[in-house]
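# Close look at the chain arrangement
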Amino acid sequence: MSLKKIIPPEFLEPNWRLWSFVLLIALGILALFAFPMKGYDGYIDPFYSPTVVILPLIGLFRLTCYAFRKYYHRHLFGHPPGCSVSERLNEAKRAYSGETGFFRVENLHRYFMYFSAAILPFFFYDFYLSLFWQHSLALRFGSLFMLADTLAVTIWVFSCHSVRHIIGGRLDCFSCTFASRLGGSVFKFQSRLNARHEALAWASLALIIAADLYIRALAAGLPLDFTILVL
Amino acid sequence: MEKVRLTVYRSSGEGRGRFQEFSVPFEEGMTVLGAMRYVEQNLDTTLAVRWNCKAARCGSCAAEINERPALMCKTRVESLGMDSTITVTPMKAYPNVRDLVSDPTENFDISGRIPAFKPKKGLKKPWVFYERDVERSQEFRRCIECFLCQDTCHVVREHKSGYVGPRHVIEAAALDMHPMDALKRHVYLNREAGLGFCNITKCCQDVCPEHIRITDNAIIPEKERGADVFYDPLVYAIKRLKGENK
Ligand code: SF4
Ligand code: SF4
Ligand code: FES
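Counting restarts for each chain, with residues numbered from 1 along the sequence as it is written. Written order determines the labels here, with chains lettered from A and ligands numbered from 1. Where local features are concerned, this predicted model is filtered to residues with pLDDT of at least 70; where side-chain atom pairs are given and counted, the filter is 80 or more; whole-chain, interface and lining totals use all residues. Derived side-chain values reflect all non-hydrogen atoms in the structure, with water molecules and hydrogen atoms excluded from consideration.

### Section: the overall build of chain B
Check the secondary structure of chain B and you find ten helices and seven strands. Dimensions along the principal axes, computed over C-alpha positions, put chain B at roughly 75 × 40 × 30 Å. Buried positions account for 54% of the 246 residues belonging to chain B. Working rule for contacts: check all heavy atoms of both residues, and any pair within 4.5 Å makes them a contact. Sequence-distant contacts, at least 24 apart, represent 64% of the contacts inside chain B between residues at least 6 apart. Calculation of accessible area relied on Shrake-Rupley with a 1.4 Å probe; when residues are assessed, cover is drawn exclusively from the protein chains displayed. Carbon and sulfur atoms make up 51% of the accessible area of chain B, which amounts to about 11,800 Å² in all. In this charge count, Lys and Arg are treated as positive and Asp and Glu as negative; neither His nor the chain ends contribute. Each charge is placed at NZ for Lys, CZ for Arg, CG for Asp and CD for Glu. Charged side chains in chain B number 38 positive and 34 negative. The centres of these two groups are separated by 6 Å. Put simply, DSSP H or I for four residues or longer makes a helix, DSSP E for two residues or longer makes a strand, and each gets a number counted from the N terminus. Residue burial is assigned from relative accessible area. The probe radius is 1.4 Å, only protein chains are included, and a residue is buried under 20% of its type maximum, exposed over 50%, and partly exposed in between.

Now the structure itself:
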């Protein structure tokens, strides 16, 4: 059997979404376990905010996110490998249980979301801390970097489908009570972000890794940081 | 004159079919359905092809064009590239009747099993409800029942799981999200209709000619509503304490 037959064809395609995820996750794992680093020069590494203990929950939040689910079901497990493939891999011979077997856990997404939402303030707090540097209030490039990654993560969490359900999606009538009117308006606004959920999921992950790499680069002595404003 | 090259699935409805090549003179704005009509009228009158409105409104001309489920009347031949051959096959999720015609009858049977609209108790007539309350249902009512989404869904196509399929989830969701309706169909969807088999890979949403956001606006919300009932440990614990069966 040739190698081409063993490796699912989608792995050989130039599929930037899949490969960027694989790369980002590999970098994340390296950053966490192989080369842990808590921060440098007033910047706290996003992987260590607030504490590494809750990281598995954040990991589970990402893994059960509807955007990431789509990618691994399609590109890792090949269910389906593509929308327009006519003769699919082995067709009916492959076992499939969707989200009724092991992947039932996906239904716990909202609980992981609660934990993740709970740590968001820490990211903002880290940004705030990074402003106080050598006993003065200073805005450095690295702080902006941290702010960008914090905002991306916040918007991504807010655009989550479980959030959408909780804030208003679960209601059938938006104009019946005062609370549902409010819920309906938030739902409408959130739905616009939700439509971009996949892109936000990617961007937030990429920015976290980038912030981590940036702080590491500073720690390694690369002269990348500069001060924008000192008060 | 420029030619459109086509390879078209032919079959008598029994056993495996074969592919036949045709070449059709190109006309400005020609659709795949236009090309098939040319074949039917001038090259081979035995070709079975179904169509009706020619305006993407009836869903009759659903087929697979270059292996992608699409309406023939809505697909322009130039959009597929003039220098390649266009492959036209019937929807493969359903029994083939002849040539490009398949029989999606099963969908009408599934449709009949979805719990019908049931008004809430004690509503005063005339019913008053607002646009913003029915916007979500209205998106799903755009459906033209072409069944392309069913055809592309790998669960419907490859696995005999009992999953009703995306078209029927939006049908149930349209009723579920209606402010005057009393039933909770997410229990039915998650328990009997196999919604758990959908792994939200969004092919249905990608092919829908009406651009209904099937997965985002119907399937995921129904899954979330199901999670309330079946996977919420808090709700579960409370029901357990009260001695209610879930
Ligand atoms: S999102 Fe679900 S219903 Fe739609 S094609 Fe994918 S598996 Fe089928
Ligand atoms: S939801 Fe879209 S693709 Fe599915 S049957 Fe209706 S119009 Fe066709
Ligand atoms: S002929 Fe009616 S949708 Fe194509």
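### Focus on the overall build of chain A
Scanning chain A for helices and strands turns up ten helices and five strands. Each of the 231 residues in chain A was classed as buried or not, and the buried ones make up 47%. Considering only residue pairs separated by 6 or more positions, chain A has 73% of its internal contacts joining residues 24 or more positions apart. Summed over all atoms, the accessible surface of chain A reaches about 11,800 Å², with 73% contributed by carbon and sulfur.

### Examining the environment of Leu183 of chain B
Residues and elements named next belong to chain B. Its place among the elements puts Leu183 in the loop between helix H6 (166–176) and helix H7 (185–191). Separated by 167 residues in the primary sequence, Leu183 and Arg16 have C-alpha atoms spaced 44 Å apart. With residues up to four places along the chain from it excluded, the contact list for Leu183 reads Pro115, Ala116, Lys118 and Asp176.

### Digging into the interface of chain A and chain B
Interface size is commonly expressed as the accessible area that is lost once the parts come together. Residue-level contacts link 45 residues of chain A with 41 residues of chain B. Summing the contributions of chain A and of chain B, the shared interface buries around 3,900 Å²; its carbon and sulfur component is 47%. A salt bridge links Arg74 of chain A to Asp206 of chain B, with the nearest nitrogen and oxygen atoms 3.5 Å apart. Put simply, the parts of the chain that give the side of chain A that touches chain B at least two residues each are helix H5 (66–76), helix H6 (109–131), helix H8 (161–169) and helix H9 (178–194) of chain A. Take the side of chain A that touches chain B: its biggest share by element is six residues, from H9 of chain A. Counted by class, the side of chain A that touches chain B contains 13 nonpolar, 17 polar and 15 charged residues. The term buried area means the drop in 1.4 Å probe accessible area that two parts suffer when joined, counted for both and summed. Any Lys or Arg side-chain nitrogen located within 4 Å of an Asp or Glu carboxyl oxygen qualifies as a salt bridge. Here the nonpolar group is Ala, Val, Leu, Ile, Met, Phe, Trp, Tyr, Cys and Pro; Asp, Glu, Lys and Arg are the charged ones; every other residue, Gly included, is treated as polar.

### Section: the site of ligand 2
Residues and elements named next belong to chain B. Being near a molecule or strand, for a residue, means having at least one of its heavy atoms within 4 Å of it. Every residue lining ligand 2 is accounted for by Cys143, Ile144, Glu145, Cys146, Phe147, Cys149, Arg167, Ile170, Cys208, Pro209 and Ile214. Here ligand 2 is seated within the second largest cavity. Classifying every residue of the shell around ligand 2 gives nine nonpolar, no polar and two charged. Every definition here rests on a 1 Å grid over the protein atoms only: cavities are sets of points where a 1.4 Å probe fits but cannot get out, pockets are open sets enclosed by protein on both sides within 12 Å along at least five of seven lines, and lining residues have some atom within 4 Å of a point. Those molecules having more than half of their atoms within 2 Å of a cavity or pocket grid point set are described as sitting in that cavity or pocket.

### Overview of the environment of Leu63 of chain A
Looking at the element boundaries, Leu63 of chain A is found in helix H4 (residues 55–63). If near-sequence neighbours (up to four positions away) are discounted, Leu63 of chain A is found in contact with Arg69, Tyr72 and Glu106 of chain A.

### Description of the site of ligand 1
All names here are of chain B. Neighbouring ligand 1 are 14 residues; Cys153, Cys198, Thr201, Lys202 and Cys204 lie closest to it. More than half of the atoms of ligand 1 fall within 2 Å of the grid points belonging to the largest cavity. Those elements that provide at least two residues to the shell around ligand 1 are helix H5 (154–158), helix H8 (203–207) and helix H9 (214–230). By residue class, the composition of the shell around ligand 1 is nine nonpolar, four polar and one charged.

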